[in-house]
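# What the coordinates show
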Amino acid sequence: MTSLTQRTSGLVQRRTEAIRSAAAAEKEKDSGGEEDEARRGEEDEDDKGDSKETRLTLMEEVLLLGLKDREGYTSFWNDCISSGLRGCMLVELALRGRIQLEACGVRRKSLLARKVICKSDAPTGDVLLDEALKHIKETQPPETVQSWIELLSGETWNPLKLHYQLRNVRERLAKNLVEKGVLTTEKQNFLLFDMTTHPLTNSTIKQRLVKKVQDSVLEKWVNDPHRMDKRVLSLILLAHSSDVLENAFAPLQDDQYDLGMKRVHTLLELEPEKESSKPNANELMWAVVAAFTK
């Protein structure tokens, strides 16, 4: 009897030790897994940080296409880029899910007749975008896309609405690009006055941007705007509206240039009303296009 009790006690003890060992091993495994997960998370954050430095908004991309590399300023004869950059802001906000067009209703209002409404007032992390979003959110009754482009540009006859104008947009965008290591800041003398300029300092990013535009209508052409990346499609259409798209095609050979411009004109000839009604279309983007091509 005593022998049986001892054997039973020994069995229980061994089983208890086995359970403890398994629990310790499991705990160690979980700890190691958590450390690996944390390490991967840190690496992901580092990757995000690296990509964030060179991630450009639509406004910055359009401005970068318009800037002369060495001189560091846009053409004095370009009177389209101001309104074009405001259109970029609206599309950027729409792509980020901050604003949208009101419902078209039973009467099927046209894109340019529909009001812009705030979908989310969450900060974007970009001062200019947040400033524009604040105006849109606080304005009652809401305004149309065409009105917002004019108001943000300061092109209004109503003195009570002049406060909507976003000032020094090009300079502020250029400073953003300086912070991202794309441009630098210099002073140039133009006989009667001094002007702050922003020459290109990181040609790799500009070349990557130009190649992205070129490839979208050449090697990666899909002949269907709804199969194109919405951001790339917006960039092409808004760069054209800002009169800077030509700069991206200037380095091309004659045959590639002709083919690229032919495909761009194919996009420009699309009917915004028709395209905006298709599945997964961004209505506000097409409304901005309609405002510039009407």
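Residues numbered from 1 in each chain as written. Predicted model: local features only at pLDDT ≥ 70, side-chain atom pairs only at ≥ 80, totals over all residues. Heavy atoms only, no water.

Once that is clear, we can look at the overall build of the protein chain. If you tally the helices and strands in the protein chain, you get 12 helices and four strands. The buried share of the protein chain, reckoned over its 294 residues, is 39%. Long-range pairs, those at least 24 residues apart, make up 66% of the contacts in the protein chain between residues at least 6 apart in sequence. (Helix = DSSP H or I, 4+ residues; strand = E, 2+ residues; numbered from the N terminus. Buried < 20%, exposed > 50% of the residue type's maximum accessible area, 1.4 Å probe, protein only. Contact = heavy atoms within 4.5 Å.)

Time to look at the pattern of salt bridges. Applying the stated criterion across every chain, the model contains 13 salt bridges. Here Arg-231 and Glu-92 are joined by a salt bridge, their closest N and O atoms 2.9 Å apart. Separated by 139 residues along the polypeptide, Arg-231 in helix H8 (residues 230-241) and Glu-92 in helix H3 (residues 81-95) bring together distant segments of the chain. Classification of Arg-231 by relative accessible area gives partly exposed; the value is 27%. (Salt bridge = Lys/Arg side-chain N within 4 Å of Asp/Glu carboxyl O.)

Residue Gln-140 is joined to Pro-141 through a cis peptide bond whose omega torsion reads -5°. Tracing the backbone shows Pro-141 in the loop between helix H4 (127-138) and helix H5 (145-153). If you check the backbone angles, Asn-168 has positive phi at about 55° while not being a glycine. Structurally, Asn-168 can be placed in the loop between H5 and helix H6 (169-179). Positive phi is not limited to glycine here, since Asn-280 has a value of about 65°. Take Asn-280: it is sitting in the loop between helix H11 (272-276) and helix H12 (283-293). Residue class for Asn-280 comes out exposed when judged on its relative accessible area of 69%.

Let us now look at the packing of aromatic side chains. According to the stated counting rule, one finds one aromatic pair in the structure shown. With 5.4 Å between their ring centres and 85° between their planes, Trp-148 and Tyr-164 make a pair best called edge-to-face. With Trp-148 in helix H5 and Tyr-164 in the loop between H5 and H6, this residue pair connects regions lying 16 residues apart in the sequence. Assessed through its relative accessible area of 0%, Trp-148 is described here as buried. (Phe/Tyr/Trp six-rings, centres within 6.5 Å; stacked < 30°, edge-to-face > 60°.)

Attention shifts here to the confidence of the model for the protein chain. Caution applies to low-pLDDT parts of the model: their predicted coordinates are not meant to be read in detail. Averaged over every residue, the pLDDT of the protein chain is 84; residues scoring 70 or more account for 81%. For the stretch residues 1-12, pLDDT sits under 50, and the model shows zero contacts to residues farther than four places along the chain or on other chains. Contacts for the low-pLDDT stretch residues 24-53, under 50 throughout, to residues beyond four places or in other chains number two contacts. (pLDDT = per-residue confidence, 0-100.)

Here Thr-144 lies in the loop between H4 and H5. Thr-144 sits in the buried class, given a relative accessible area of 10%. Along the primary structure Thr-144 and Val-116 are separated by 28 residues, whereas in three dimensions their C-alpha atoms are 5.6 Å apart. Sequence-distant contacts of Thr-144, defined by excluding residues within four places in its chain, comprise Leu-112, Ala-113, Arg-114, Lys-115 and Val-116. In terms of polar contacts, Thr-144 uses its side chain to reach the side chain of Ser-147, at 3.1 Å. (Polar contact = N/O pair within 3.5 Å; in protein donor to acceptor, adjacent residues only side chain to side chain.)

Ranked by internal contacts, the top residues of the largest apolar core, which has 69 residues, are Leu-65, Leu-90, Ile-99, Val-145 and Leu-284. Of all the elements, H3 adds the most residues to this core, at eight residues. With residues up to four places along the chain from it excluded, the contact list for Val-145 reads Leu-90, Leu-101, Arg-114, Val-116, Leu-284, Ala-287, Val-288 and Ala-291. (Core = buried A, V, L, I, M, F, W, Y, C linked by side-chain atoms within 4.5 Å.)

This part takes up helix H7 (residues 203-217). A rise of 1.5 Å per residue sets the reference length of H7, with its 15 residues, at 21 Å; its end C-alpha atoms lie 22 Å apart and thus fit the reference within 8%. Within H7, burial applies to Ile-205, Lys-206, Leu-209, Val-210, Val-213, Gln-214, Asp-215, Ser-216 and Val-217. For H7, the capping residue at the N-terminal end is Asn-202, with a side-chain oxygen 3.2 Å from the backbone nitrogen of Thr-204. (Expected span 1.5 Å × (residues − 1).)

The next thing to look at is the side chain of Asp-126. Relative to the helices and strands, Asp-126 resides in the loop between strand E2 (116-118) and H4. Put simply, Asp-126 is tucked away with no salt bridge, and the nearest opposite charge, on Arg-96, sits 5.7 Å away. There is a polar contact of 3.1 Å between the side chain of Asp-126 and the backbone nitrogen of Leu-129. Discounting residues that sit within four places of it in the chain, Asp-126 has contacts with Thr-57, Met-59, Glu-60 and Asn-176. (Lys, Arg positive; Asp, Glu negative; His and termini not counted.)

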